[in-house]
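# Structural overview
Spelled out, the chains give:
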Amino acid sequence: MEVIVWSAWLAGLAIGLFVIFHFWLMGKPAGCSTGYGNVCGLMCQRVSYFREGEYRQLNNAKLWFLLGIPLGGLISALSSPEPWHFNFSMGMYDEILPQTLAGKAIWLVFGGALLGFGARLAGACTTGHALVGGAMLNPPSLLAGMIFFLSAFFTTHLLFGT
Amino acid sequence: MYEETLFLRCRNMLVSFFFVYRTQIFGLLTGVLFGFLMSRAGATTYDYHAKMFLFEDFQLMIVIATAVVIAMIGVWLLKKTHIHAVATGEEVDFVKKPYQKGLIIGAALFGVGWGMTASCPGTIPAMIGEGKVAGFFALAGILIGTMAYGILQSHLHLARQQAEQQSTPSKDTD
């Protein structure tokens, strides 16, 4: 599904302004991966980790932030010239991923599990560490952002065999 | 005796609803904006991720570099003006993520996941909104991974508590 993509400078400017806007509106740094913990806490109430600390209050802004993102993607797709439809194409990844449907699904679930586990172990995801942490010049965030990028760089090169 | 008209009652209800759920409403609205921007920036298109790491197209790299520089200037300005946040009414809290044990290993695992799925936790919901079926599987994976971390942490916490309970009475007998 093709969506309209702005020029990189304009999109970067807009996302930078979004980070500032989020600070001013919510008074807290923006973050994505923490919200998945809220969903886990709501799904399984017996895990004590999702009842303490930052997860004491589960129905919070982080959860609703996460729920809002698909709506934003939907608006973006609906305002693109191509009509909205489900599709399973992954562009360049179609050639290198497992060719069967089940193989692709297992591959994606495994990759997603690494994302979820790694994000919690590192404390934040690309948004929290690289984007917002980088904007605040927070040393651990800069370190994490660099490792995110290097690790993904090597993985992609291994996958595409270059 | 003061009587509320229907219009006033509805207005008051709306105002109190908005006030009580203001953090949720703000969260939802910022989420919609974030998803839209991620989609327009090309972060939900798989090819841009692959091309960025293969150094064929610098779209996403320029996006994140520009965004960080703009946000850096904004954060500096916000700190200077001691601005108050809309949702809380308190001064903006620039809380920084601390260094935590396992950050390096976690970041390395995250990078492998990023390379494998060409998406990150912020873009996967936006991909689902765009109708990309691959996003559903990646979302299931993220929830499994987060759940695994939570269960692991809960067990470690419990084990630590039990170890402390066992060690304290033995000290008394010594």
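Everything discussed here concerns the structure shown above.
Residues numbered from 1 in each chain as written. Chains lettered and ligands numbered in written order. Predicted model: local features only at pLDDT ≥ 70, side-chain atom pairs only at ≥ 80, totals over all residues. Heavy atoms only, no water.

## Describing the overall build of chain B
Defined as follows: The numbering of helices and of strands both runs from the N terminus, where a helix is a DSSP run of H or I of at least 4 residues and a strand a run of E of at least 2. Between the two quantities, the radius of gyration covers C-alpha atoms and the globule rule is 2.2 Å times the number of residues to the power 0.38. Working definition: with a 1.4 Å probe on protein chains only, accessible area under 20% of the residue-type maximum means buried, over 50% means exposed, and in between means partly exposed. Note on contacts: a residue pair is in contact if any heavy atoms of the two residues lie within 4.5 Å.
Scanning chain B from terminus to terminus reveals seven helices and zero strands. Against the compact-globule benchmark of 16 Å for 174 residues, chain B has a radius of gyration of 24 Å, which places it well outside the compact range. Counting only C-alpha atoms, chain B reaches 75 × 60 × 40 Å along its principal axes. A total of 174 residues make up chain B; the buried ones form 43% of that total. In chain B, 37% of the contacts between residues at least 6 apart in sequence involve partners at least 24 apart.

## Observations concerning the environment of A:Leu78
You can see A:Leu78 is positioned in helix α3 (residues 61-78). Through-space distance from the C-alpha of A:Leu78 to that of A:Gly53 is 39 Å; in sequence the pair is 25 residues apart.

## Focus: the pattern of salt bridges
Counted only if it meets this: For salt bridges, the criterion is a side-chain nitrogen of Lys or Arg within 4 Å of an Asp or Glu carboxyl oxygen.
As enumerated under the stated definition, the model contains two salt bridges over all chains in all. Close ionic contact of A:Asp94 with A:Lys104 constitutes a salt bridge, the shortest N to O distance being 3.2 Å. On the criterion of sequence distance, the pair formed by A:Asp94 in helix α4 (residues 93-96) and A:Lys104 in helix α5 (residues 101-122) is long-range, its members being 10 residues apart. Overall, A:Asp94 belongs to the partly exposed group, its relative accessible area being 25%. Judged by its relative accessible area of 12%, A:Lys104 falls in the buried class. Measuring nitrogen to oxygen at the nearest pair gives 2.6 Å for the salt bridge that ties B:Lys132 to B:Glu130. A single burial state applies to B:Lys132 and to B:Glu130, both of which are buried.

Purely geometric numbers; function is a separate question.
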